[in-house]
Each structure stands twice: as structure tokens, then as C-alpha cells.
Amino acid sequence: MPEPRRGLMFGFAAYAMWGAFPLYWPLLEPAGAAEILAHRVLWSCITMGLLMVLLRRTTHLRAVARDRRVRVLLTVAAAVISVNWVTYIWGVNNDRVVETSLGYFINPLVTVLMGVLILGERLRPLQWMALGLACVAVVVLAVDYGHLPWVALVLAFSFGSYGLCKKTANVGATESLAFETAVIAPVAAGYLIWLGATGDSDFASHGAGHALLFLSTGIVTAVPLICFGAAATRVSMVTLGLLQYLAPILQFALGVLWFHEDMPAGRWVGFVLVWIALVVFTAEAVNHRRRQLRLTVEATTAA
């Protein structure tokens, strides 16, 4: 199989698994979002530790740990992804699947906005138009919900912050996640010990199958990441950028068709505005990349 096609399959698998997460987290109830997060962190840490040994990347991990700047960035990344994970789990388990999908729909636009506000990047006119449409959509949805769609906004801004930290750190996906989970694993383990001591733990309280599901959280976290890493090295950034919309599309479909969440007219208007903004944003990005590549080819030919 050609490498680009293999990469496309890996990318599709990664985003399809992320899109199917709303079917997985409710299986861990009646555990609360904080307990599920703690288990996810702890078992992910163990899973990633084993992967680092099997892939013989422990030297890379030690290099990450020795670099103070990278340590600080990945520690911040660990904190914001923890906020993202617990918000997402809470949203899915509290009938907010559609709103969680909104968070990941607007994430690319939030990432661009953060680039402007934090990195001083300049936007092209159509990018400003896409951001404007997204802001109008948030206002429409706030009116419909009766409050700001805070679950979506927390997810978008926390994941945008996570991406900014990871981009600045410039570390491989496997070792960075291994380091991040190792940083917060002691906190997660302490919280789980406290839950057990107070009798509030749901682990091993609902049968062996339920306990095994908790143990699987590490694998569920690691496998999509490995697929994503395999895709990122085989397909273009444009293809990867288009694939990222698969996860929120699946989440939205599950929220509406599987969980039967309410979608009044105002909510549809808000989502349609977001989708129009994404079409404008994506089309502009693809065309800009093609123009840049054409100019590069012309300059090389002229030289």
C-alpha cells in the first residue's frame, strides 16, 4: 500500500476513534468526571511508559526531562489538557455531546485567534471573516442556551492552549504525552487513593467488567495518538487539517441521532454559522497554501 494511502487510513482511524469517545465515557458511570480523569491519567501514564520501553525511546524521554524550557512547557500542557479532558468527560456524561462537538469545531478558529493575540500573527481578510462568523455564532448559541456555551469554549481554548504549548516545545508526540501523564500521575494517584480511603471510589465496585473498562482508559488514550502520529508523517498538513473535522462531525451526529439531544432552531442557526466559518477558513487556507507552493516552484524555476 502506498505510504500516503496508509497515512490517510491511520488519520481516519485516529479521528474516528476520537469521534466515537461519547460512546465510551458513559460506560464508566456512575463514576464522576474527576475520577474517570484520574484513572485516564494513571493508566495512560503506565501505557505510555511501556510504549517508551518497547519503542526504545526512553533516551528521548530523558532528553525532554533534562531541558528546563521543555519541562515547563509540557507541564503547562499537562495542566491544560487535564482541564480539557475533565470538561469533555463531564460534558459527554451530562448530555452535552452536541456542545462538546462545537468546542472541537471552533478549535481551529480559536487557535488562529490565539496566534493573533499571543504570537502577534497577522490574519488575511478571509480569516478575519471566518473569525467574525464564529463570534456571531457564539452569540447566537449563547442566546439559544440562555448562557455562554462554556463547555465548548473551555474545550476550544484549553485544546488551543495545549497545541500552542506543544508547538513551542517541539517534542515528539509519544514522549511528550509520556512526560505529561508522568507529571500529573502522582496527583491522579493521590486523588484515587483518597477516594478509596473515603469509600467514594467506583473502581471495582460494579463488577470485574467495569473495573477492566477503567484499566482500558490508557489504551483508549494511546491508540488514537499512535495512529495520528503515523498519519502526520505520511500525509500533507492540508489532508490532516481536513481530517480533523471528522471527530466533531461524528460527535455531533452521535449527540443528535444517538443521544437525541435537543436542537432547536436557534441552535441550528449557530451551528450552520460555525460550519460556514469553517468552510471559508479551510478553503482560504488550502488556496493560500497552493499559491505559496506555486510561487516557490516559480522562484526555483527562475533561479
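Above this note sits the structure.
We now turn to the structure provided with this report. (Residues numbered from 1 in each chain as written. Predicted model: local features only at pLDDT ≥ 70, side-chain atom pairs only at ≥ 80, totals over all residues. Heavy atoms only, no water.)

**A word on the overall build of the chain**
Under the convention used in this document: Think of it this way: any DSSP run of H or I at least four residues long counts as a helix, any run of E at least two long counts as a strand, and we number them from the N terminus. The globule rule is 2.2 Å times the number of residues to the power 0.38, and the radius of gyration it is compared with is taken over C-alpha atoms. Think of it in three bands: residues with accessible area under 20% of the maximum for their type are buried, residues over 50% are exposed, and the middle band is partly exposed, with areas taken using a 1.4 Å probe on protein chains only.
Helix and strand counts for the chain come out as 14 helices and 0 strands. Shown N-terminal to C-terminal, the secondary structure of the chain runs as helices and strands in the order α-α-α-α-α-α-α-α-α-α-α-α-α-α. For the chain, whose C-alpha radius of gyration is 20 Å, the value lies close to the compact-globule estimate of 19 Å for 303 residues. Oriented by its inertia axes, the alpha-carbon framework of the chain measures out at about 70 × 55 × 40 Å. A burial count over the chain gives 45% of its 303 residues as buried.

**A word on the side chain of Glu 261**
As a reminder, the rule being used: For the purpose of charge, His is not counted, nor are the chain termini; Lys and Arg are scored as positive and Asp and Glu as negative. One speaks of a salt bridge when a side-chain nitrogen belonging to Lys or Arg is within 4 Å of a carboxyl oxygen belonging to Asp or Glu. It only takes one pair of heavy atoms within 4.5 Å for two residues to be counted as in contact.
Here Glu 261 shows up in the loop between helix H13 (246–258) and helix H14 (265–302). Look at Glu 261: it is buried, it has no salt bridge, and the nearest opposite charge is Arg 267 at 6.3 Å. Each residue touching Glu 261, except ones within four places of it in the same chain, is listed here: Asp 95, Arg 96, Val 97, Val 98, Gly 255 and Val 256.

**Brief notes about the side chain of Thr 87**
Defined as follows: The definition of a polar contact used here is a pair of N or O atoms within 3.5 Å, where within protein one atom must be able to donate a hydrogen and the other to accept one, and adjacent residues in sequence count solely through side-chain atom pairs.
Inspection of the secondary structure puts Thr 87 in helix H5 (residues 68–93). Separated by 2.7 Å, the side chain of Thr 87 and the backbone oxygen of Val 83 make a polar contact. Among residues more than four places away in sequence, those in contact with Thr 87 are Trp 150, Val 151, Val 154 and Leu 155.

**Structural notes on the nonpolar core**
Which entries qualify depends on this criterion: Only buried Ala, Val, Leu, Ile, Met, Phe, Trp, Tyr and Cys residues count toward a nonpolar core, and they belong to the same one when joined by side-chain atoms within 4.5 Å.
The biggest cluster of nonpolar side chains holds 30 residues, and the ones touching the most others in it are Leu 102, Leu 109, Phe 252, Phe 271 and Val 274. Mapped by element, the contributors of at least two residues to this core are helix H6 (97–119), helix H7 (125–145), helix H8 (150–169), H13 and H14. No other element matches the 9 residues that H6 contributes to this core. Excluding residues within four positions of it along the chain, Leu 109 makes contact with Ala 130, Leu 131, Ala 134, Ala 277, Leu 278 and Phe 281. Grouped together as the second largest cluster of nonpolar side chains are 22 residues, Val 41, Met 48, Leu 51 and Leu 177 included.

**Digging into the packing of aromatic side chains**
Rules: Each Phe, Tyr or Trp ring (for Trp, its six-membered ring) is paired with any other whose centre lies within 6.5 Å, and the angle between the two planes then decides the class: stacked below 30 degrees, edge-to-face above 60, tilted in between.
Under the definition given, this model contains 17 aromatic pairs. Aromatic pair Tyr 15 and Phe 228: ring centres 6.1 Å apart, planes at 85 degrees, arrangement edge-to-face. Of the two residues, Tyr 15 sits in helix H1 (residues 3–19) while Phe 228 sits in helix H11 (residues 217–232), which places them 213 residues apart along the sequence. With relative accessibility at 24%, the residue Phe 228 sits in the partly exposed group. Pairing Tyr 104 with Phe 159 gives two aromatic rings, centres 6.0 Å apart and planes at 80 degrees, and the pair type is edge-to-face. Taken together, the residues span a long stretch of sequence, with Tyr 104 in helix H6 and Phe 159 in helix H8 at a distance of 55 residues. Exposure remark for Phe 159: the relative accessible area of 32% places this residue in the partly exposed category. Taken together, the aromatic side chains of Phe 105, Phe 252, Trp 268, Phe 271 and Trp 275 make up a single cluster linked through ring pairs.

**Notes on the packing of H6 against H7**
What counts here: To get an axis, a line is fitted to the C-alpha atoms, and for a helix only the part in contact is used. The angle between two axes follows their N-to-C directions and goes from 0 to 180 degrees. For classification, angles of less than 35 degrees are called roughly parallel, those exceeding 145 degrees roughly antiparallel, those between 65 and 115 degrees roughly perpendicular, and all remaining angles oblique. The crossing is said to be left-handed when, going from far helix to near helix, the turn is anticlockwise and less than a right angle, and right-handed when the turn is clockwise. Each residue receives one of three labels: charged for Asp, Glu, Lys and Arg, nonpolar for Ala, Val, Leu, Ile, Met, Phe, Trp, Tyr, Cys and Pro, and polar for the others, Gly being one of them.
Contact pair H6 / H7: the axes reach a minimum separation of 11 Å and the direction vectors enclose 140 degrees. Our classification of the angle between H6 and H7 gives oblique. The interaxial crossing formed by H6 with H7 has left-handed handedness. Between H6, through Glu 99, Leu 102, Leu 109, Val 112, Leu 113 and Val 116, and H7, the contact on the second element is made entirely by Trp 128, Ala 130, Leu 131, Ala 134, Leu 141 and Tyr 145. Split by residue class, the contact of H6 with H7 holds 11 nonpolar, no polar and 1 charged.

**Description of the state of the cysteines**
This is how it is decided: Two cysteine sulfurs form what is called a disulfide whenever their separation falls within 2.5 Å.
Overall, the coordinates contain 0 disulfides when judged by the stated rule. Cys 45 forms no disulfide, and the closest cysteine sulfur to it belongs to Cys 165, at a distance of 19 Å.

**Thoughts on a nonpolar patch on the surface**
Rules: What goes into a patch is any residue over 30% in relative accessible area without a salt bridge, connected to like charges within 9 Å or, for nonpolar side chains (Val, Leu, Ile, Met, Phe, Trp, Tyr), within 5 Å. Computed by Shrake-Rupley with a 1.4 Å probe, the accessible areas treat only the displayed protein chains as cover when residues are assessed.
A grouping of Ile 46, Leu 50, Leu 54 and Leu 55 is seen on the molecular surface, where their side chains present a nonpolar patch of about 420 Å² in accessible area. Residue position: Ile 46 is located in helix H3 (residues 33–54). Exposure remark for Ile 46: the relative accessible area of 41% places this residue in the partly exposed category.

**Brief notes about the pattern of salt bridges**
Counted under the stated rule, the structure contains 5 salt bridges. Between Glu 175 and Arg 57 there is a salt bridge whose closest N-O contact spans 2.8 Å. Here the residue Glu 175 occupies a position in helix H9 (residues 173–198), and Arg 57 occupies one in the loop between H3 and helix H4 (58–66), the gap between them amounting to 118 residues. Across the salt bridge formed by Arg 96 and Glu 99, the nearest N and O atoms sit 3.2 Å from each other. Residue classification places Glu 99 among the buried positions, given a relative accessible area of 1%.

**Brief notes about the environment of Tyr 145**
In this structure, Tyr 145 sits in helix H7. Relative accessible area serves as the criterion here: at 19%, Tyr 145 is assigned to the buried category. Residues in contact with Tyr 145, not counting those within four places in the same chain, are Glu 99 and Arg 267.

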